[in-house]
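Examination of the molecular architecture
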Amino acid sequence: MKLLALLMPLLFVGCITPSIAITKPNELDAAGKTAFVAAINAKRGDATSISCVGGANLGYPNPQSYLAASAPVSWNDKLAAAALNNASFLATKQVDISSGDPHNGAGNSTVFVRVSNTKYPFAEAGETVASGTGAFFRTAAEVAQGWQDSTNAHCNLMLDPSMKDVGGALVTSSSGTRYWVMVIGKPQ
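This text gives an overview of the structure that appears in the document. Per chain, the residues get numbers from 1 upward, laid out in the order the sequence is written. Local features in a predicted model are, by the rule used here, given only for residues with pLDDT of at least 70; side-chain atom pairs are given and counted only at 80 or more, and totals for whole chains, interfaces and linings are based on all residues. By convention in this description, side-chain values take in all heavy atoms of the structure and omit both hydrogens and water.

Runs of H or I in DSSP of at least four residues are treated as helices and runs of E of at least two as strands, each being numbered from the N terminus. In terms of regular secondary structure, the protein chain is built from 6 helices and 6 strands. Ordered by position from N to C terminus, the α and β elements of the protein chain give α-α-β-β-β-α-α-β-α-α-β-β. For every residue, the accessible area obtained with a 1.4 Å probe (protein chains only) is divided by the maximum for its type, and the residue is called buried under 20%, exposed over 50%, and partly exposed between those limits. Residues classed as buried in the protein chain amount to 43% of the 188 residues present. For the protein chain, long-range pairs separated by at least 24 residues make up 72% of all intrachain contacts whose partners lie at least 6 apart in sequence. Taken as a whole, the protein chain presents about 9800 Å² of accessible surface, with 61% of it coming from carbon and sulfur. The contact criterion used throughout is that any non-hydrogen atoms of two residues lie within 4.5 Å. We get accessible surface area from the Shrake-Rupley algorithm with a probe of 1.4 Å; when it comes to residues, only the shown protein chains can shield them.

Here's what the structure looks like:
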């Protein structure tokens, strides 16, 4: 009974203490952000030669051919904050994105929750994730090419002409895995 009396305050405090999200710094500095947007916009500007596959689950025709270049997207700090939230979670947990759902972030949050939390007024939003070690996905251009080659609608989100803003994050885990996250949005 005495042990239970000692544990009760600890259990109670543990129940009401909010969980604290671990946020790692975004490794994309000013030059990295510029390179990230440039890599995405290079793909959007060359859309006449790109056909995306695998986007049916998000409502895109499969395959979806982009016959005209999409307008460039602009960097948005709020979308970058949403991207950093998920990249930090993935890197902290060292998630294997090939065997799990990398879009189910901290507290089971979705991209829509993460974007809403930043106060970005969106009509549409999407998220793409890539990870790699060693020679894989070292640069924004390599990541953009990986998203273009993907069969999981990453290409569609990157090229969708309705999307106007983009934010990105790069976070490296303690084991050296790089997690790249792009959050792209169409404002209301």
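There is more to say, and it comes next.
This part takes up the nonpolar core. Residues grouped as a nonpolar core are buried Ala, Val, Leu, Ile, Met, Phe, Trp, Tyr and Cys residues, joined through side-chain atoms within 4.5 Å. Counting 26 residues, the largest nonpolar core has F36, I40, W147, V166, W180, M182 and I184 as its most contacted members. Those elements that provide at least two residues to this core are α2 (30–45), β1 (50–52), α5 (140–149), α6 (154–159), β5 (165–172) and β6 (178–187). If sequence neighbours within four positions are ignored, W147 has contacts with F36, I40, T128, V129, A130, H154, C155, M158, W180, V181 and M182. Judged by nonpolar contacts, the second largest core, of 19 residues, contains A83, I97, V129 and Y179.

This next bit is on the packing of α2 against α5. Packed helix pairs are characterised by how far apart their axes lie and by the angle those axes make with each other. Angles here are taken between N-to-C directions and fall from 0 to 180 degrees, while the axes themselves are lines fitted to C-alpha atoms, restricted in helices to the stretch in contact. One way to put it is that α2 packs onto α5 with a least axis distance of 8 Å and a crossing angle of 35 degrees. As for the relative orientation of α2 and α5, their crossing is right-handed in sense. On α5, the residues touching A35, F36, A39, I40 and K43 of α2 are A140, A141, A144, Q145, W147 and Q148. When its residues are assigned to classes, the contact of α2 with α5 shows 8 nonpolar, 2 polar and 1 charged. Throughout, a crossing is termed right-handed when the near helix is turned clockwise from the far one, and left-handed when it is turned anticlockwise from it by less than a right angle. Side-chain classes follow a simple rule in which Ala, Val, Leu, Ile, Met, Phe, Trp, Tyr, Cys and Pro form the nonpolar group, Asp, Glu, Lys and Arg form the charged group, and the remainder, Gly included, forms the polar group.

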